[in-house]
Number of protein chains: 2
Amino acid sequence: MRENVLGLSVVTASGEIISTGTRARKSSAGYDLTHLFVGSEGTLGIITEISLRLHGLTEAISAAMVNFPDVQSAAEATIQVIQMGIPMARIEIVDSAYMKAINAYSKTSYPELDTLFLEFHGTRAGVAEQVQMFDEISQDFGATGFQWAEQEEDRNQLWRARHDAYYAGLAVHPGYRGYVTDVCVPISRLADCITQTQADITASGLYAPVIGHVGDGNFHATIFIDPDDDAMFEKALELDKRMVQRALDMGGTCTGEHGIGMGKLKHMRNEHGDGAVDAMKAIKTALDPQNIMNPGKVIDC
Amino acid sequence: MRENVLGLSVVTASGEIISTGTRARKSSAGYDLTHLFVGSEGTLGIITEISLRLHGLTEAISAAMVNFPDVQSAAEATIQVIQMGIPMARIEIVDSAYMKAINAYSKTSYPELDTLFLEFHGTRAGVAEQVQMFDEISQDFGATGFQWAEQEEDRNQLWRARHDAYYAGLAVHPGYRGYVTDVCVPISRLADCITQTQADITASGLYAPVIGHVGDGNFHATIFIDPDDDAMFEKALELDKRMVQRALDMGGTCTGEHGIGMGKLKHMRNEHGDGAVDAMKAIKTALDPQNIMNPGKVIDC
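Residues numbered from 1 in each chain as written. Chains lettered and ligands numbered in written order. Predicted model: local features only at pLDDT ≥ 70, side-chain atom pairs only at ≥ 80, totals over all residues.

## A few points about the overall build of chain A
Scanning chain A from N- to C-terminus turns up nine helices and 11 strands. Dimensions along the principal axes, computed over C-alpha positions, put chain A at roughly 55 × 50 × 30 Å. Out of the 301 residues belonging to chain A, those deemed buried represent 47%. Contacts in chain A between residues far apart in sequence, at least 24 positions, make up 73% of those at least 6 positions apart. (Helix = DSSP H or I, 4+ residues; strand = E, 2+ residues; numbered from the N terminus. Buried ≥ 20, exposed ≤ 12 C-beta atoms within 10 Å, placed from the backbone. Contact = placed C-beta atoms within 7 Å.)

Structure (structure tokens):
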């Protein structure tokens, strides 16, 4: 998303309104304030307007789902597809635990296997070619049940299963709440990371199905916990901590898309090192000397 | 290029070495220091290592050139191609003045017309389809002489003409030097901007052929001037100033890719406004309090 942000209007700590970026696709005029403010979680200023780069709808869109014998195979197929440069519009994993929950919640009868949900955008010939290449690669990793949808209604139905996942997970244990983890690793390490994470979840005894934007190397285990069970919450925190450490050890990040807030403040120095965090802190202090912009978040000022 | 930079090692003003970014494709862990340092021209720190995102070579590559009756038609064809979402790997304009210079310099016999140089990347079917769509669109704008090259040797020969342009321009008036301008505007304003610029060049009496990365809305007039002729240099500066103002009036930038340095410092407040430049200045002071990193460039500290 970030790379589609061309410019911003921002209200600064001193109450001034500033503009960053231009409507041109590229510029080398000074510091890139736009991408400094994007993802700063309101700690440097409040974004009030965004100029986005628009993309036309493509001629053809196909959605598809395909099942794998295990999460590792699904992740390895993903790595190969991305490394071959097939321009996937979306490639998402939903593990067997989530597929089971979705069937129960949405009264569907999808195979309860580790599944990739896919979307292909392009010209008609381009999409057909991508679908064929994807199909060939996924078969090398034991994929079965490849089904695809071209009509908008059919595509929406297929994606509904993916979007229902969180609610389906909640419905498995009524009264539980979801604690969402969010790591991102280099694509080449995705299969290792997701496989080790699943083994860790199994060993923990927690109910934590996995879902993720695996085309980016980003995935989430949603740990469903009883809000009255402090020991279970402790266990979830420990599992999350191990997930983050595993991602960092693989050259990844403690948060692919959810941000730091307060909850992940403790990982900042581990991920970036003292020098980089101190540089962020110096920037925070320079732009918000009184620490009035969303204080206590992102940077431990 | 910027969006392919995943992370950096940077030596800061205090002599510390910091790391920014990770090897993961995305992260939302704190401020985006990576893109703050990229394009900061050494004023915030010295970049010593860069982690880049790699892209595989595509199955097929085609290069092509095609002639237009005038720069406006070439720019309008470009706008349409980009707005239709045809994924052009390269789309570059070389105006008739430059084509004439290239023929004289490189002993070639290309039509001396406003010309687009193109490159298409993708699968075999995808490239063939893109070439066909491009051909159809360009014909609507009066294009002629579409020729394309698939073999690497032929592609290189075609691109050599493009890359020789600057030296070809220098050879037109031996002893002259090139003063390169560099503006970038929103794609939708490209035809207006380039047409008005060419009329301005004609009126100025200067020799200033136009070349550009028009797929990004970015182009250059290279003003060739006699280094001993102060009046000519003054005229060139005035032409450049009008080009910048025209680009800014159209929502563009004073520099698409060459940067600010000292020469374009005077445009910074005009392009960004006082608030944004003061924010940049605050960041510069925070990260380099003694102003020892490439002082006097980018920011008027």
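## Concerning the sheet that holds strand β3 (residues 46-52) of chain B
All names here are of chain B. Read across the open sheet, the three strands follow the order β2-β1-β3; overall the sheet is antiparallel. The sheet is open, and its two edges are formed by β2 (17-21) and β3, each paired on a single side. For this sheet, the mean inter-axis angle between neighbouring strands, taken without regard to orientation, is 15°. As judged from the six bridges shared by strand β1 (residues 5-11) and β3, these two strands associate in the antiparallel manner. Residue L8 lies in a different strand from β3, and its bridge partner there is I50. (Pairing = 2+ DSSP bridges. Axes fitted to C-alpha atoms, helices over the stretch in contact; angles between N-to-C directions.)

## As for the pairing of strand β5 (residues 88-94) of chain B
Residues and elements named next belong to chain B. Strand direction decides the pairing type here: β5 and strand β6 (residues 114-122), joined by six bridges, are antiparallel. From the neighbouring strand, V94 faces β6, where its bridge partner is T115. Where β5 and strand β10 (residues 210-213) come together, two bridges link them in antiparallel fashion. When the sheet's bridge partners are listed, I93 is paired in β10 with G212.

## Comments concerning the domain arrangement of chain A
Each domain of chain A was delimited in the assignment, giving domain 1 (2-55 + 261-287) and domain 2 (60-167). Of note, the centres of domain 1 of chain A and domain 2 of chain A, computed from C-alpha atoms alone, are 34 Å apart. (Domains from an automatic or database assignment.)

## Observations concerning the relation of the copies chain A and chain B
Aligned on chain B, chain A shows an RMSD of 0.0 Å; the corresponding rotation is 180° and the shift along the axis is 0.0 Å. One copy is carried onto the other by what is essentially a two-fold rotation axis. A shared binding surface is used by both copies, with 100% of the interface residues of chain A retained as interface residues in chain B. (Least-squares fit on C-alpha atoms with pLDDT ≥ 70 in both.)

## Section: the packing of helix α2 (residues 71-83) of chain B against helix α7 (residues 190-204) of chain B
Residue and element names in this part refer to chain B. Following both chains from N to C, one finds α2 and α7 inclined at 165°, their axes separated by 8 Å at the closest point. Relative to α7, α2 is oriented roughly antiparallel. Both α2 and α7 take part in a crossing whose hand is right-handed. Contacts between α2 and α7 involve V71, Q72, A75, E76, T78 and I79 on the former and, on the latter, L190, A191, I194, T195 and Q198. Considered class by class, the residues forming the contact of α2 with α7 number six nonpolar, four polar and one charged. (Parallel < 35°, antiparallel > 145°, perpendicular 65-115°, else oblique. Left-handed = near helix turned anticlockwise from the far one by under 90°. Nonpolar A, V, L, I, M, F, W, Y, C, P; charged D, E, K, R; others polar.)

## Focus on the environment of N218(B)
Secondary-structure assignment places N218(B) in strand β11 (residues 218-225). Once the C-alpha coordinates of N218(B) and E257(B) are considered, the two residues, 39 residues apart in sequence, prove to be 8.3 Å apart. Beyond its immediate chain neighbours, meaning those up to four positions away, N218(B) contacts K26(A), C184(B), G212(B), H213(B), G256(B) and E257(B).

## Quick word on the sheet that holds strand β1 (residues 5-11) of chain A
Residues and elements named next belong to chain A. Pairing is antiparallel in the open sheet, where three strands are placed in the order β2-β1-β3. Across the chains shown, the open sheet's two edge strands, defined by having one partner strand only, are β2 (17-21) and β3 (46-52). For this sheet, the mean inter-axis angle between neighbouring strands, taken without regard to orientation, is 15°. Here five bridges tie β1 to β2, and the two strands are oriented antiparallel to one another. The partner of V11 across the bridge, within β2, is I17.

## A look at the environment of F120(B)
Residue and element names in this part refer to chain B. Secondary-structure assignment places F120 in strand β6. Overall, the presence of 26 C-beta atoms within 10 Å leaves F120 in the buried class. C-alpha separation for the pair F120 and I82, spaced 38 residues apart in sequence, amounts to 13 Å. Excluding residues that lie within four positions of it along the chain, F120 makes contacts with S62, M88, A89, V127, Q130 and V131.

## Section: the nonpolar core
Grouped together as the largest cluster of nonpolar side chains are 161 residues, with contacts concentrated most on Y98(A), L116(A), A247(A), Y98(B) and A247(B). Not counting residues up to four positions away in its chain, the partners in contact with Y98(A) are A165(A), A168(A), G169(A), P209(A) and I211(A). (Core = buried A, V, L, I, M, F, W, Y, C linked by C-beta atoms within 7 Å.)

## Overview of the interface of chain A and chain B
Facing 65 residues of chain A, the contacting portion of chain B comprises 65 residues. Elements that contribute at least two residues to the side of chain A that touches chain B include exactly β2, α1 (33-37), α4 (124-140) and α9 (268-287) of chain A. The dominant element in the side of chain A that touches chain B, judged by the number of residues it contributes, is α9(A), at 13 residues. Tallied by class, the residues present in the side of chain A that touches chain B amount to 25 nonpolar, 30 polar and 10 charged.

## Observations regarding helix α3 (residues 96-106) of chain B
Residue and element names in this part refer to chain B. Within the sequence span of α3, burial applies to S96, A97, Y98, M99, A101 and I102. In the core, the buried residues of α3 are packed alongside β5, β6, α5 (152-163), α6 (165-172) and β10. Positive phi shows up at K107, right after α3, with a value of about 55°.

## Description of the packing of α2(B) against helix α4 (residues 124-140) of chain B
All names here are of chain B. Running from N to C, α2 and α4 cross one another at 140°; their axes reach a closest spacing of 9 Å. With respect to their mutual orientation, α2 and α4 come out oblique. The handedness of the crossing between α2 and α4 comes out as right-handed. Contacts between α2 and α4 involve A77, Q80 and V81 from the first element and F134, I137 and S138 from the second.

## Focus on unusual backbone geometry
Residues and elements named next belong to chain A. Even without being glycine, K107 reaches a positive phi, approximately 50°. With respect to the helices and strands, K107 occurs in the loop between α3 (96-106) and β6 (114-122). Although it is not a glycine, N291 sits at a positive phi angle of roughly 55°. Its location among the elements puts N291 in the segment after α9. Take N291: there are 14 C-beta atoms within 10 Å of it, and that puts it in the partly exposed class.

## Some details on the environment of L265(A)
All names here are of chain A. Tracing the chain through its elements places L265 in the loop between α8 (230-249) and α9. In this structure the C-alpha to C-alpha distance between L265 and G296, which are 31 residues apart in sequence, comes to 9.0 Å. Discounting residues that sit within four places of it in the chain, L265 has contacts with I260 and D300.

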